[in-house]
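Chain residues, written in single-letter form:
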Amino acid sequence: MLYIKTNEEVELLRKSNLLVSKTLGEIAKHIRPGITTLSLDRIAETFILDNGAIPGFKGYNGFPKTLCASVNEEVVHGIPSDYVLKEGDIISIDCGVILNGYYGDSAYTFAVGEIDDNKKRLLQVTKESLEKGVQEAIAGNRVGDISFAVQSYAEEAGFSVVRELVGHGLGTKLHEAPEVPNYGRRGTGPKLEKGLVICIEPMINMGTKETIQMRDGWTVKTADGKPSAHFEYAVAIDNRKADVLSTFKYIEEVLNK
Ligand code: MG
Ligand code: MG
């Protein structure tokens, strides 16, 4: 059962997702060698609370922190800790909020200082694979059209697509139907309707697509220890073009300084 949002609900989701985008922009100001992922988490939590929202992930199925902070071979769901970021790391920051009862959810993978060319390409391709998915997120298409667009773009670049974790519907719940896999066939899966709000979130690996679950019950890593990247937008389905509720502009303003 797909939950089609009213215009009013889409506007509430836009506010929630705007706050997530701004929070990621705040985080961007602080990512550098020498900072701990726990410090980033505190900055995010304070910013979210100061803006009248509550962290969306903290307490969700028992997750202990505000951000998911996944470094290098960590794919997603890394728990902020006393790990000190170092030059050459990449870090995926996934952030969720609840504002007026509606969730925001977006992710971005950052370079820490200077990173090598392979990692640069992984970040670039993963972000572009998200854009390819967004281009298919229009009414009348099917979820598989998004999945196919992401997968084919990432695999043609020589990377692999994580299977165990997928995008999702977004609303008053963090994870609503439908699932939005980052792999699949054109013309398959649920039909996209105007007013459906989904998160598209490619998780792309430099090496094998296989992942392993860590004993902390959360952190997912690549099976071969090679790096992984993650970019996520929330989008509202519309007739001609996806209405993207997230933006990376606050991040990019900081990074382009
Ligand atoms: Mg997310
Ligand atoms: Mg998500």
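Before going into details, it helps to say that this report is about the structure given with it. (Residues numbered from 1 in each chain as written. Chains lettered and ligands numbered in written order. Predicted model: local features only at pLDDT ≥ 70, side-chain atom pairs only at ≥ 80, totals over all residues. Heavy atoms only, no water.)

## Quick word on the packing of aromatic side chains
To describe a pair of aromatic rings, you give the distance between the ring centres and the angle between the ring planes.
Now for step 1: According to the stated counting rule, one finds six aromatic pairs in the structure shown.
Now for step 2: Geometrically, the ring pair formed by Tyr108 and Phe110 is tilted, given 4.8 Å between the ring centres and 50° between the ring planes. As far as burial versus exposure is concerned, Tyr108 and Phe110 are alike and both buried.
Now for step 3: Counting every residue linked through ring pairs, the aromatic cluster contains Tyr108, Phe110, Phe231, Tyr233 and Phe248. (Phe/Tyr/Trp six-rings, centres within 6.5 Å; stacked < 30°, edge-to-face > 60°. Buried < 20%, exposed > 50% of the residue type's maximum accessible area, 1.4 Å probe, protein only.)

## Concerning the coordination of the magnesium ion (ligand 2)
Reference values for coordination geometry: four tetrahedral donors around a metal ideally subtend 109.5 degrees, six octahedral donors ideally subtend 90 or 180 degrees.
Now for step 1: Surrounding the magnesium ion (ligand 2) are the protein donor atoms Asp105 (OD), His168 (NE2), Glu201 (OE) and Glu232 (OE), at 2.1 to 2.3 Å.
Now for step 2: Here the donor residues of the magnesium ion (ligand 2) share one chain and are spaced in sequence as D-x62-H-x32-E-x30-E.
Now for step 3: A separation of 3.1 Å is found between the magnesium ion (ligand 2) and the magnesium ion (ligand 1), both of which receive a donor from Asp105. With Asp105 in strand E5 (residues 102–111) and His168 in strand E7 (residues 167–169), this pair connects stretches of sequence that are 63 residues apart. (Donors = N, O, S within 2.8 Å, 3.2 Å for Na, K, Ca; no water. Helix = DSSP H or I, 4+ residues; strand = E, 2+ residues; numbered from the N terminus.)

## Remarks on the sheet that holds strand E3 (residues 74–76)
Now for step 1: Judged by pairing direction, the sheet is antiparallel, and its three strands sit side by side in the order E3-E12-E11 without closing on themselves. Since the sheet does not close on itself, it has two edges, and those belong to E3 and strand E11 (211–213), each with one partner. Adjacent strand axes in the sheet meet at a mean angle of 40° when their direction is disregarded.
Now for step 2: Pairing of E11 with strand E12 (residues 220–222) involves three bridges; the strand directions are antiparallel. Looking at the pairing, Ile212 lines up with Lys221 of E12. (Pairing = 2+ DSSP bridges. Axes fitted to C-alpha atoms, helices over the stretch in contact; angles between N-to-C directions.)

## Some points on the packing of helix H3 (residues 117–135) against helix H4 (residues 143–156)
Now for step 1: Running from amino to carboxyl end, H3 crosses H4 at an angle of 155°, the nearest separation of the two axes being 8 Å. One finds that H3 runs roughly antiparallel with respect to H4. Of the two possible hands of crossing, H3 and H4 adopt the one that is right-handed. On H4, the residues that touch Val125, Glu128, Ser129, Lys132 and Gly133 of H3 are Ile146, Ala149, Val150, Tyr153 and Ala154.
Now for step 2: Within the contact of H3 with H4, the residues separate by chemical class into six nonpolar, two polar and two charged. (Parallel < 35°, antiparallel > 145°, perpendicular 65-115°, else oblique. Left-handed = near helix turned anticlockwise from the far one by under 90°. Contact = heavy atoms within 4.5 Å. Nonpolar A, V, L, I, M, F, W, Y, C, P; charged D, E, K, R; others polar.)

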